[in-house]
Every structure is written in C-alpha cells, then in structure tokens.
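The lines below spell out each chain.
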Amino acid sequence: MAAIAAGEKGAHVLLVDKGEKLGRKLAISGGGRCNVTNRLSIDEIIQHIPGNGRFLYSAFSEFNNEDIIQFFEKLGVALKEEDHGRMFPVNDKAQSVVDALLTRLSNLKVTIYKNSPVAEVLYEHGKTSGVRLKDGQVIDTDAVVIAVGGKSVPHTGSTGDGYAWAKKAGHTITELFPTEVPVLSHEAFIKNRSLQGLALRDVSLSVLNPKGKALITHRMDMLFTHFGVSGPAVLRCSQFVVKAMKNGACRK
Ligand SMILES: Cc1cc2nc3c(=O)[nH]c(=O)nc-3n(C[C@H](O)[C@H](O)[C@H](O)COP(=O)(O)OP(=O)(O)OC[C@H]3O[C@@H](n4cnc5c(N)ncnc54)[C@H](O)[C@@H]3O)c2cc1C
C-alpha cells in the first residue's frame, strides 16, 4: 500500500522484499478471508483499542476505514459487511486482496526486488541516505518507508527487523507483546481433547482477574482446539490475557 501510495503521487518507487512472494501474511489473514477493515464508527473502533486508542484520531483524520473500503473497491475488490462491522472480500479470498495490490503495483510500474533482504537502513547527518542489502549492495535514496511487519508468524518473512532501524532513526520502541492470537491452555479438558472442535456461537467471553472482575468481555464466536481456545472472541480478548499474565493478574 505504501509503494502504491508513493507511486500514485508520481514518485520513482523501488519495493525491496526479502521473500520470493509478496503479501504472504496478508494471504493468510482473517483465516484466509482477510478481514480488510471494519465499518463501525471511528468512535466505536477506538473504544475497542485496548489502552488509550485516542492517539488514532489524528491518523484516522488522514486515512480511515472508509478510505480503506474505497481503496480496495477501486482496485476491484468487492467487499461485504459481516457481524460487528467486519468487512471481507465478497469472494472470501484473501489472495484476491494480495492480487489486487500486485496488479496495481505492476500498473504503476513500481520496480520490485524480491529475495533481497535489507540488512540496514542508512542515515547520514540526521537524514535517510539509503539501504544496505544483506548481499552488500547499497541503494541510495533520500526517502525510505519501513514496512517490514511485526514479529508474528515469522515464516511469512516478517521477523521484526524494522524495530532496530526505527530505533536507530530515533524512534522509541515500546515493549512488544502478542495480540489477536489464539490462547494456549494446559487445562485437563484441553489436554485430553474432550472439547476439541466444539464451536460456540455468539457467546460472551470475559478475561477475569484473580478477584473475578471482568477485565474485558467480547460477545462473538469461539472455538475449542487441541491447544486451547480460538475464534474471534478469543482473538479479541487475547491481548488482555497477555497483559494480565505479565502483571501477574491472571493464571497461566
Ligand atoms: C494469522 C494472522 C491473521 C491476521 N488477520 C488479519 C485480518 O483479518 N485483518 C487485519 O487487518 N489484519 C490481520 N492480521 C494482521 C495483518 O496481517 C498485518 O497487520 C499486516 O500483514 C501487516 O502488514 P505489513 O505490510 O506491515 O507487514 P507484513 O505483511 O508482515 O509484510 C512485511 C514484508 O516485509 C518483508 N521483510 C521483512 N523483513 C525484511 C527485510 N529485512 N528486508 C526486506 N524485506 C523484509 C517480508 O518478507 C514481508 O513481505 C493478521 C495477522 C496474522 C498473523
């Protein structure tokens, strides 16, 4: 999207990726259907951000959920709204979202280097001066957009390389923790797989502190698996489980 945005503004763009295939994480997102965005109001979306989500107002004033919908529909990806404002491609295929982006990159004649891991972003006199690839090649440029993803599912290519580069540029990196993830459990009923495959529709799932007070409640679907619990309600609650465990306010 960054390469497309720059290309649409007439910039001469080079997209450098370490993998053989672009958009691998996008292709597995939303259970392979890609939950492209959400159609709830900005206020409601921000309300659901754990912690203080108000910092997002300024970003949303530049580019928000409705802009994302327009962006993808303009690229030919028809979208549909499901429960809780969740937006998916009509054909339920995340790959069609990836393909639409690749087609737009190609139409904009963005140059793409694949299999070209970046080792380092170079800065000189307080400004970006280029990037150095792992094979030693240096590419000079005065503008770099770092979009190398986070640390989740590293086999898709994103291994968290960008944090060090952003730090070197003077940004502060906050503590990293998983979010929107399934939750592992060692409970006997998980280990003996007695509930594996049980799906619950439209249930209220809460994360409780040791005193039994609900830290968060989400009413959505959930699923028992061979390793723990999963499904939309669990993914939404997961960040609260991680944070509560870090604070010692939740049992493993
Ligand atoms: C299982 C799963 C399901 C998800 N479902 C949804 C969903 O339904 N809806 C939603 O909005 N979000 C979802 N997400 C989150 C979403 O996929 C990510 O937020 C999104 O992919 C981030 O995009 P990105 O371009 O920043 O990074 P990525 O998609 O991770 O892409 C980073 C790219 O950078 C490349 N790269 C990494 N390091 C280097 C390097 N050193 N040199 C060169 N290239 C490098 C990688 O090869 C990769 O191609 C999901 C994530 C996961 C893991």
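Structural notes, computed from the coordinates.

Cut-offs used in this document
- Each chain has its residues counted from 1, following the order in which its sequence is written.
- Side-chain atom pairs in this predicted model are given and counted only at pLDDT of 80 or more, local residue features only at pLDDT of at least 70, and totals for whole chains, interfaces and linings cover all residues.
- Computation of side-chain values: all heavy atoms of the structure, hydrogens and water removed.
- For this description, a residue counts as near a given molecule or strand if any of its non-hydrogen atoms is within 4 Å of it.
- A 3.5 Å cut-off defines polar contacts: any pair of N or O atoms within that distance qualifies, except that in protein one atom must be a possible hydrogen donor and the other a possible acceptor, and neighbouring residues in sequence count only when both atoms are side-chain atoms.
- A 1.4 Å probe and the Shrake-Rupley method give the accessible areas. Residues count as covered only by the protein chains that appear here.
- Note that Gly is not counted as nonpolar here; it falls among the polar residues with everything else outside the nonpolar set of Ala, Val, Leu, Ile, Met, Phe, Trp, Tyr, Cys and Pro and the charged set of Asp, Glu, Lys and Arg.
- At least two DSSP bridges between two strands are needed for those strands to be called paired.
- Helix and strand definitions follow DSSP, with helices as H or I runs of at least four residues and strands as E runs of at least two, each counted in order from the N terminus.
- Only buried Ala, Val, Leu, Ile, Met, Phe, Trp, Tyr and Cys residues count toward a nonpolar core, and they belong to the same one when joined by side-chain atoms within 4.5 Å.
- Only protein chains enter the calculation, and the probe is 1.4 Å; a residue is then buried if its accessible area is under 20% of its type maximum, exposed if over 50%, and partly exposed in between.
- Throughout, a contact is declared for two residues whenever any of their heavy atoms are within 4.5 Å.
- Here an axis means a line fitted to C-alpha atoms, over the contact stretch when the element is a helix, while the angle between two N-to-C directions is reported on a 0 to 180 degree scale.

1. Quick notes on the site of the ligand
- Lining the immediate environment of the ligand, one finds 19 residues, of which D17, G30, N35, V118 and D161 sit closest.
- In the environment of the ligand, a nitrogen atom lies 2.8 Å from a nitrogen or oxygen atom belonging to the backbone of G30.
- In this structure, S158 approaches the ligand through a side-chain N or O atom, which is 3.3 Å from an oxygen atom.
- Within the complex, 68% of the 1000 Å² of free accessible area of the ligand lies under protein.
- Classifying every residue of the shell around the ligand gives seven nonpolar, eight polar and four charged.

2. Considering the pairing of strand β7 (residues 127-133)
- Bridge count for strand β6 (residues 118-124) against β7 is six bridges, and the pairing is antiparallel. Looking across to β7, one finds that V121 is bridged to V131.
- Hairpin connection from β6 to β7: two residues lie between these consecutive antiparallel strands, with H125 at a positive phi of about 50°.
- Pairing analysis gives three bridges linking β7 to strand β8 (residues 138-140), with the strands arranged antiparallel. Residue pairing across strands places G130 opposite D140, the latter belonging to β8.
- The hairpin formed by β7 and β8 contains four residues between the paired strands, and G136 there has a positive phi angle of roughly 100°.

3. Concerning the nonpolar core
- One finds V36, F72, L79 and L105 to be the most contacted residues of the largest nonpolar core, which totals 20 residues.
- If you list the elements that add at least two residues to this core, you get α1 (2-8), α5 (65-74) and α6 (94-107).
- Per element, the largest residue contribution to this core is five residues, and it comes from α6.
- Grouped together as the second largest cluster of nonpolar side chains are 14 residues, L205, V207, F224 and V241 included.

4. Comments concerning the pairing of strand β11 (residues 214-224)
- Where strand β10 (residues 199-208) lies against β11, eight bridges are found, and the strand directions are antiparallel. From the neighbouring strand, V203 faces β11, where its bridge partner is M220.
- Between β10 and β11, which follow one another and run antiparallel, lie five residues, and G212 among them has a positive phi close to 90°.
- Sheet topology note: the β11/strand β12 (residues 228-230) ladder contains two bridges and is antiparallel. Bridge pairing in β12 links F224 to V229.

5. Remarks on the sheet that holds strand β2 (residues 37-38)
- Here we have three strands laid out as an open sheet, ordered β2-β4-β3, and antiparallel in their pairing. Two strands bound the open sheet, and with one partner strand each, they are β2 and β3 (79-81).
- The sheet contact formed by β2 and strand β4 (residues 86-89) spans two bridges and is antiparallel. Bridge assignment links N38 to a residue of β4, and that residue is R86.

6. Quick notes on the sheet that holds strand β9 (residues 183-184)
- Across the sheet, four strands lie side by side as β9-β12-β11-β10; this open sheet has antiparallel pairing. The open sheet has two edge strands with one neighbour each: β9 and β10.
- Sheet strands in contact with helix α9 (residues 232-246) are β9, β10, β11 and β12, and its direction is about 135° off that of β11.

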